[in-house]
Amino acid sequence: MSDSINGGYCLSYADIEHAYEVLRPQIHKTPLLQCSSITKRTSKKIFLKAENFQHTGSFKFRGALNAMEHFKEDHRDADTSCVVTSSSGNHGQALAFAANKHGVDSYIVMPECAPWCKKEAVRGYGGIVVESGDSEQSRYYVANQVLKEKGGLYIHSSRNPRVIAGQGTIAIEILADNPDIDAIIAPVGGGGMISGIALAAKSIKPSIKIYGAEPEQAMSAYTSKKLGKLTTNPRLPVTVADGVKVSINELTWPIIRDLVDDVITVSENEIKAATRLVFQRAKLVIEPTSGVGIAAVMKKSFLDLKGNGDEVKNVAVVLCGGNCDMKSMLAWY
Amino acid sequence: MADRLLTCEEIDEGKRIVESSPDCLLTPLLKDVHLLGMQVGGASDGDGRKVHLKLENMQTTGSFKIRGVTSQMTHLNKQENNDKEKKRKVVTMSAGNYGKAFAFACRKHQLDGTVAMPTTAPESREKIIKEFGCNVVRVPSHDLLKKVEELQAEGSTFLHPFDDINIIAGYASVGMEMVEQLGRKPDVVVVCCGGGGFLAGVSAGLRRIGCTDTKIYGVEPETANSMQRSKQQNSACQMPKAHSFAAGLAPQFAGTICYNHVRAYVEDIVVVDEGQIASATRHLCERGLFVEPSGAAAFAAVMFDKVAHIGGDVVIIITGGNVSPSELAHVFEKASS
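This one's a predicted model, so the numbers in the text were calculated from it and none came from an experiment.

Trainee: Before we move on, can you summarise the overall build of chain A with the specific residues and values?
Mentor: Summing up its helical and strand segments, chain A has 14 helices and 10 strands in all. Projected onto the principal axes, the alpha-carbon positions of chain A cover approximately 55 × 50 × 40 Å. Taking all 333 residues of chain A together, 62% fall into the buried category. A sequence separation of at least 24 residues applies to 73% of the contacts in chain A between residues at least 6 apart. With the model as given, the accessible surface of chain A reaches about 12600 Å², and the carbon-plus-sulfur share is 48%. If you average the places of the 38 positive and of the 35 negative side-chain charges in chain A, the two averages end up 6 Å apart.

Here's what the structure looks like:
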């Protein structure tokens with residue numbers, strides 16, 4: 001094992017190892033399930049990391065809890081009376097729950113168009129929902145207003161080293177459960193999960209391949225890698241994968257640039273078909289964003305990704321969450 | 001057939017058939033779900049109860065039935081086929097998961113299959129079965145057996161959907177698998193019960209693998225408790241008025257061979273109501289598992305404290321996941337909590 005990866009990133013492998021020690025007694029060690037229905041449709045053996053079973057229904061809990069566990073020590077001279085974030089759903093729920101565990105108030109800025117069930121879930125965990133417009137700019141504007149009025153600190157869903165370290169613990173678990181995993185693929189929004197996973201996995205097993213999966217409608221990581229520089233989504237994406245509309249940022253980009261082997265994009269129909277497949281065959285409840293990773297491994301072009309030769313036999317796909325809004329899903333299921 | 005119980009050889013053969021068939025999957029045993037935030041009854045924190053779920057909803061065709069069907073058809077194909085030119089003809093009656101598994105397996109085992117189903121069955125069921133290449137014939141419920149007998153007279157072999165020693169032998173594999181996966185003998189096993197074939201098989205398998213002290217419970221809807229009544233009356237009984245929205249658990253009689261095994265091995269049969277089944281279904285869905293109402297009945301029994309003496313390692317079997325999201329949306333409206 002080496003933590004000698006030193007690209008000047010905002011965190012190190014030691015931070016992820018430490019995060020795992022802190023998080024371990026409080027998170028679910030989710031199962032790595034074999035899935036023959038999906039394996040049949042690819043030439044790789046597919047394993048599903050079922051983060052839909054995680055506390056609050058998505059992997060975001062890991063990062064949010066790691067941020068809260070170190071909250072006071074990281075911000076000794078600051079106002080730690082409350083936390084604020086803007087989130088289309090999963091990070092908001094996770095942070096509300098994690099903050100509540102630490103007796104800290106949380107203000108979650110959510111777009112008006114976010115699914116009702118996600119807003120209710122945030123309230124259920126003790127968070128306070130503050131509505132904004134749809135655009136990223138509107139969300140940040142409203143969040144800044146809240147910070148001015150209430151004080152406290154902003155915890156971003158991916159532009160935060162503690163959050164990234166928390167997400168990286170997913171890779172520690174995957175490789176502990178099955179050291180023969182040759183590649184890990186995960187959906188990419190802000191890049192917190194893929195960058196944490198890439199740093200941890202390559203530190204544990206340098207030969208492992210890491211792939212990102214994005215909707216064609218929201219492909220900031222793909223475009224950034226193509227152009228060799230950080231490139232955000234030009235406009236608010238319209239995609240059924242509502243968890244990955246955010247663009248990657250200056251903390252996650254360097255790790256994605258250096259440690260993610262390739263990124264693949266999938267169409268809306270491919271995401272929907274993959275989500276349906278998981279419901280119908282794997283009988284797991286996943287949100288469409290989780291379908292992005294499944295759609296990716298079923299595409300022929302998955303085999304063309306850099307380093308994805310015959311020696312890559314066992315592929316773990318992260319099912320990032322199961323917080324699906326049944327009502328809106330029924331419209332296209 | 002009065003006291004017919006599976007022999008050890010028959011159970012071992014059933015396991016061998018299931019394990020060597022590419023159609024039957026080794027489904028996961030999700031361990032320690034009490035740690036995954038699932039409500040598994042009162043006092044679950046204090047009494048050292050550990051709850052595990054055997055996920056047969058992830059089985060081929062979406063329910064455990066394929067294990068029984070595979071065993072039935074393997075035994076059938078060992079017999080001589082009188083008309084070697086044509087495929088052997090088989091017939092069954094089921095609009096549910098058995099019918100689906102039957103249709104899937106007919107194609108795999110090179111059989112010419114017909115499924116008789118009641119006129120009240122949804123069209124979607126007929127469509128699924130026809131898509132596998134099986135014939136479907138619809139008759140009123142009370143004429144199902146008559147239609148089957150007609151087809152038998154024309155040369156079809158009748159494969160009973162649950163009261164069949166070969167089916168039960170196929171299901172025994174689940175009882176044995178769960179012990180191998182858990183790594184120790186469970187203290188309690190809770191199983192959904194319709195005609196009783198699955199309950200019979202699982203309990204026989206558990207005893208075969210040495211779990212003589214494991215307490216086994218069957219769970220039925222309170223409006224379709226034919227097995228509970230059978231246990232009370234000491235004989236397999238009919239229940240013409242059995243009904244439930246969990247249709248897979250509401251046949252109009254408990255199987256005779258099934259009842260024999262239940263009498264010999266099962267601790268008790270408990271019942272749950274519609275609201276409880278709906279709550280359990282929604283609860284599991286909210287936590288990431290796609291389960292049909294019939295498949296959630298056993299979980300409902302534990303969730304609502306219907307099972308006495310529950311402690312230690314408890315294995316609940318999730319029997320099926322053949323439901324659509326829109327059907328589930330309707331079910332959630334019935335939830336009691």
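Let's pick the thread back up.
Trainee: Account for the nonpolar core, naming residues and giving values.
Mentor: Core analysis: the biggest nonpolar cluster contains 84 residues, and Ile-185 and Leu-284 of chain A together with Leu-53, Leu-289 and Phe-299 of chain B have the highest contact counts within it. Take this core: its biggest share by element is eight residues, from helix α11 (residues 293–303) of chain B. Residues Phe-59, Phe-61, Val-318 and Cys-320 of chain A belong to the second largest nonpolar core, which totals 63 residues.

Trainee: Report on the interface of chain A and chain B, specifying residues and quantitative values.
Mentor: Facing the 15 residues of chain A at the interface are 20 residues of chain B. Note on chain A versus chain B: buried area summed over both sides is about 1500 Å², and carbon and sulfur give 72% of it. Counting across the chain A and chain B interface gives zero salt bridges. Where chain A touches chain B, the interface holds five residue pairs in polar contact (both at pLDDT 80 or more). Put simply, the parts of the chain that give the side of chain A that touches chain B at least two residues each are α12 (268–282) and α14 (326–330) of chain A. Broken down by element, the residue count for the side of chain A that touches chain B peaks at three residues, all from α12 of chain A. In the side of chain A that touches chain B, the residues fall into 10 nonpolar, three polar and two charged.

Trainee: Break down the packing of helix α6 (residues 165–182) of chain B against helix α7 (residues 197–208) of chain B for me, with residues and values.
Mentor: All names here are of chain B. In the contact formed by α6 and α7, the axes pass within 6 Å of each other and the chain directions differ by 50°. Relative to α7, the element α6 is oriented oblique. Relative to α7, the crossing made by α6 is right-handed. For the pair α6 and α7, the contacting residues are Ile-168, Tyr-171, Ala-172, Val-174, Gly-175, Met-176, Met-178 and Val-179 in the first and Gly-197, Phe-198, Ala-200, Gly-201, Val-202, Gly-205, Leu-206 and Arg-208 in the second. Here the residues of the contact of α6 with α7 sort into 11 nonpolar, four polar and one charged.

Trainee: Explain the packing of aromatic side chains residue by residue, including any values.
Mentor: Scanning the model with the defined rule gives 12 aromatic pairs over all chains in all. Between Phe-162 of chain B and Phe-253 of chain B the ring centres are 5.4 Å apart and the planes differ by 45°, which places this aromatic pair in the tilted class. Placement of the pair is Phe-162 of chain B in the loop between β6 (157–158) and α6 and Phe-253 of chain B in the loop between α8 (226–233) and α9 (256–265), with a sequence separation of 91 residues. The class of Phe-162 of chain B is buried, set by a relative accessible area of 12%. Consider the rings of Tyr-171 of chain B and Phe-198 of chain B, whose centres lie 5.4 Å apart with planes at 80°: the pair is edge-to-face. You can see Tyr-171 of chain B sitting in helix α6 and its partner Phe-198 of chain B sitting in helix α7, a full 27 residues away along the chain. Here the two residues Tyr-171 of chain B and Phe-198 of chain B agree in accessibility, since each one is buried. Following the ring pairs from residue to residue traces out a cluster consisting of Phe-61, Phe-97 and Tyr-125 of chain A. Here Lys-334 of chain B stacks its cationic end above the ring of Phe-245 of chain B, 5.1 Å away from the centre of that ring.

Trainee: Please give an account of the side chain of Glu-287 of chain A that cites residues and values.
Mentor: All names here are of chain A. Mapped onto the secondary structure, Glu-287 falls in the loop between α12 and α13 (288–298). Residue class for Glu-287 comes out buried when judged on its relative accessible area of 1%. One polar contact links the side chain of Glu-287 to the main-chain amide nitrogen of Asn-323, over a distance of 3.0 Å. Each residue touching Glu-287, except ones within four places of it in the same chain, is listed here: Asn-90, Lys-118, Gly-321, Gly-322, Asn-323 and Cys-324.

Trainee: With reference to specific residues and values, describe the sheet that holds strand β2 (residues 45–50) of chain A.
Mentor: Residue and element names in this part refer to chain A. An order of β1-β2-β10-β7-β8-β9 is seen for the six strands of this open sheet, with the pairing classed as mixed. Bordering the open sheet on either side are β1 (32–34) and β9 (262–266), each of which pairs with just one other strand. Going from strand to strand, the sheet's axes swing by 30° on average, the running direction of each strand aside.

Trainee: Please provide a residue-by-residue account of helix α7 (residues 136–150) of chain A, values included.
Mentor: All names here are of chain A. In this model α7 runs 21 Å from its N-terminal to its C-terminal C-alpha over 15 residues, within 8% of the 21 Å that 1.5 Å per residue would give. Taken together, the buried positions of α7 are Ser-138, Arg-139, Val-142, Ala-143 and Val-146. Relative to the axis of α7, the buried residues are bounded by an arc of 130° and lie together on one face. Exposed side of α7, more than 90 degrees from the buried face: Gln-137, Tyr-141 and Lys-148 are the residues found there.

Trainee: Describe in detail the pairing of strand β9 (residues 268–272) of chain B, supporting the description with residues and values.
Mentor: All names here are of chain B. Taking burial as the measure, the five residues of β9 include four buried ones, the bulk of the element. Two elements, strand β8 (residues 215–221) and β9, share five bridges in a ladder whose sense is parallel. Considered in β9, the bridge of Val-219 is made with Val-270.

Trainee: Requested: an account of the side chain of Thr-70 of chain B, with residues and values cited.
Mentor: All names here are of chain B. Note on placement: Thr-70 falls in helix α2 (residues 65–78). For Thr-70, a relative accessible area of 1% corresponds to the buried category. At a separation of 2.6 Å, a polar atom in the side chain of Thr-70 contacts the main-chain carbonyl oxygen of Ile-66. With residues near it in sequence (within four places) discarded, Thr-70 still touches Ile-17, Ser-21, Asp-23, Cys-24 and His-109.

Trainee: Lay out helix α1 (residues 13–23) of chain A with the relevant residues and their values.
Mentor: Residue and element names in this part refer to chain A. Along α1, the positions that sit buried rather than exposed are Tyr-13, Ile-16, Ala-19, Tyr-20 and Leu-23. Axial view of α1: buried residues confined to an arc of 115°, hence all on one face. Of the surrounding elements, those touching the buried residues of α1 are α3 (60–69), α8 (161–177) and α9 (192–204).

Cut-offs and rules
- Residues numbered from 1 in each chain as written.
- Chains lettered and ligands numbered in written order.
- Predicted model: local features only at pLDDT ≥ 70, side-chain atom pairs only at ≥ 80, totals over all residues.
- Heavy atoms only, no water.
- Helix = DSSP H or I, 4+ residues; strand = E, 2+ residues; numbered from the N terminus.
- Buried < 20%, exposed > 50% of the residue type's maximum accessible area, 1.4 Å probe, protein only.
- Contact = heavy atoms within 4.5 Å.
- Areas by Shrake-Rupley, 256 points an atom, 1.4 Å probe, with all protein chains shown as cover.
- Lys, Arg positive; Asp, Glu negative; His and termini not counted.
- Charge placed at Lys NZ, Arg CZ, Asp CG, Glu CD.
- Core = buried A, V, L, I, M, F, W, Y, C linked by side-chain atoms within 4.5 Å.
- Buried area = accessible area lost by both parts, 1.4 Å probe.
- Salt bridge = Lys/Arg side-chain N within 4 Å of Asp/Glu carboxyl O.
- Polar contact = N/O pair within 3.5 Å; in protein donor to acceptor, adjacent residues only side chain to side chain.
- Nonpolar A, V, L, I, M, F, W, Y, C, P; charged D, E, K, R; others polar.
- Axes fitted to C-alpha atoms, helices over the stretch in contact; angles between N-to-C directions.
- Parallel < 35°, antiparallel > 145°, perpendicular 65-115°, else oblique.
- Left-handed = near helix turned anticlockwise from the far one by under 90°.
- Phe/Tyr/Trp six-rings, centres within 6.5 Å; stacked < 30°, edge-to-face > 60°.
- Lys NZ or Arg CZ within 6 Å of the ring centre and 35° of its normal.
- Pairing = 2+ DSSP bridges.
- Expected span 1.5 Å × (residues − 1).
- Arc of directions from axis to C-beta.

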